[in-house]
Amino acid sequence: MGILNVTPDSFSDGRKFFDTRRAVAHAMEMVRDGADIIDVGGESTRPGALPVDADTETDRVVPVIEKIVRLTRVPVSVDTRKSAVARRAVRAGARIINDVSGLHHDARIADVAARSGAGLILMHMKGTPADMQRAPRYRDLVGEIRKSLAGSIARARRAGVPKRKILIDPGIGFGKSFDDNLTILHRLDDFLSLGCPLCIGVSRKAFIGRVLGLEVPAERVDGSVAAQAIAVMSGARIIRSHDVRQAVASARVADAVRNESVG
Ligand code: HH2
């Protein structure tokens, strides 16, 4: 899953694709690099980010989605917490809704997914982007995340989203300490028993910077590739990445090792 942030303030690529033409060109570059999904977002959810209203977010993502779906068959997902944005994005051609709040911000996202037949990624976040990195603490990290994701899955099912349309994501960097992120990666297979394909986003994130002593997100690509290989080896099915060419190579090698077959 290639990341396309149409925002002025995303932590790694803010401003870079804050222009429909450049955003679409980057989407097509990611398709050429092997992306199987393009994830379009119009609101940064980095720690401390300020929320964006639904109209502003819609105006950022809808023109980009409309253009991408005309140019490629590769499915588009919309990275949003808001049902109004999800509804417009799906109407524009998005086939997956990626909700980083796991239906905690706006539960009507599940209705949009149910009615449209879109896939639904339910991510775990403790708190909100504004406060999630203020000393997050867990008594049982993996157990609490699993329980919360099970609750999100149940909510989506009650709204009529079929289980086969639901994916889960433990939410690396969303209300987790650096060590928590490492534990989640180490124990990723503990989430497989929830019965939904696993999506994971480690790309250029701060915990990789901390391990390697790298302040600048764009310098964290090599470290991200290592974490992505570990994630695939542990059973992740979707890798959300800024650097698609590298992520595809690492995923293919890790997948071959996991299956003990060159395919
Ligand atoms: N991470 C980010 C945003 N959306 N969605 C899923 N499913 N999983 C993730 O780990 C995830 C996500 C944050 O990264 P990015 O989009 O690069 O930054 P920003 O939120 O600053 O736009």
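Residues numbered from 1 in each chain as written. Predicted model: local features only at pLDDT ≥ 70, side-chain atom pairs only at ≥ 80, totals over all residues. Heavy atoms only, no water.

1. So, the overall build of the protein chain
So, step 1. For the protein chain, the count of helices and strands is nine helices and eight strands.
So, step 2. Relative to the globule expectation of 18 Å for 263 residues, the C-alpha radius of gyration of the protein chain, 17 Å, shows essentially globular dimensions.
So, step 3. Buried positions account for 53% of the 263 residues belonging to the protein chain.
So, step 4. For the protein chain, the share of sequence-separated contacts (at least 6 apart) that also reach a separation of at least 24 residues comes to 66%.
So, step 5. Accessible area of the protein chain: about 12300 Å², with a carbon and sulfur share of 49%.
So, step 6. Within the protein chain, the 31 negative side-chain charges are centred at a point lying 5 Å from the centre of the 41 positive side-chain charges. (Helix = DSSP H or I, 4+ residues; strand = E, 2+ residues; numbered from the N terminus. Rg over C-alpha atoms; globule rule 2.2 N^0.38 Å. Buried < 20%, exposed > 50% of the residue type's maximum accessible area, 1.4 Å probe, protein only. Contact = heavy atoms within 4.5 Å. Areas by Shrake-Rupley, 256 points an atom, 1.4 Å probe, with all protein chains shown as cover. Lys, Arg positive; Asp, Glu negative; His and termini not counted. Charge placed at Lys NZ, Arg CZ, Asp CG, Glu CD.)

2. Things to note about a positive patch on the surface
So, step 1. Side chains of Arg87, Arg88, Arg91 and Arg115 sit close together on the surface and give a patch of like positive charge.
So, step 2. When residues in the positive patch are grouped by element, the largest group, three residues, is from helix α3 (residues 83-91).
So, step 3. Position of Arg91 relative to the elements: it lies in helix α3.
So, step 4. Note on Arg91: relative accessible area 63%, which makes it exposed. (Patch = residues over 30% accessible without salt bridge, like charges linked within 9 Å, V, L, I, M, F, W, Y side chains within 5 Å. Salt bridge = Lys/Arg side-chain N within 4 Å of Asp/Glu carboxyl O.)

3. Quick notes on the pairing of strand β4 (residues 96-99)
So, step 1. Along β4, one buried face is formed by Ile96 and Asn98 and the opposite face, lined by Ile97 and Asp99, is buried too.
So, step 2. As paired strands, strand β3 (residues 76-79) and β4 are joined by three bridges and run parallel to one another. Paired with Val78 across the strands is Ile97, a residue of β4.
So, step 3. As a crossover connection, the stretch from β3 through α3 into β4 is right-handed. (Pairing = 2+ DSSP bridges. Right-handed = clockwise from strand over helix to strand, strands pointing away.)

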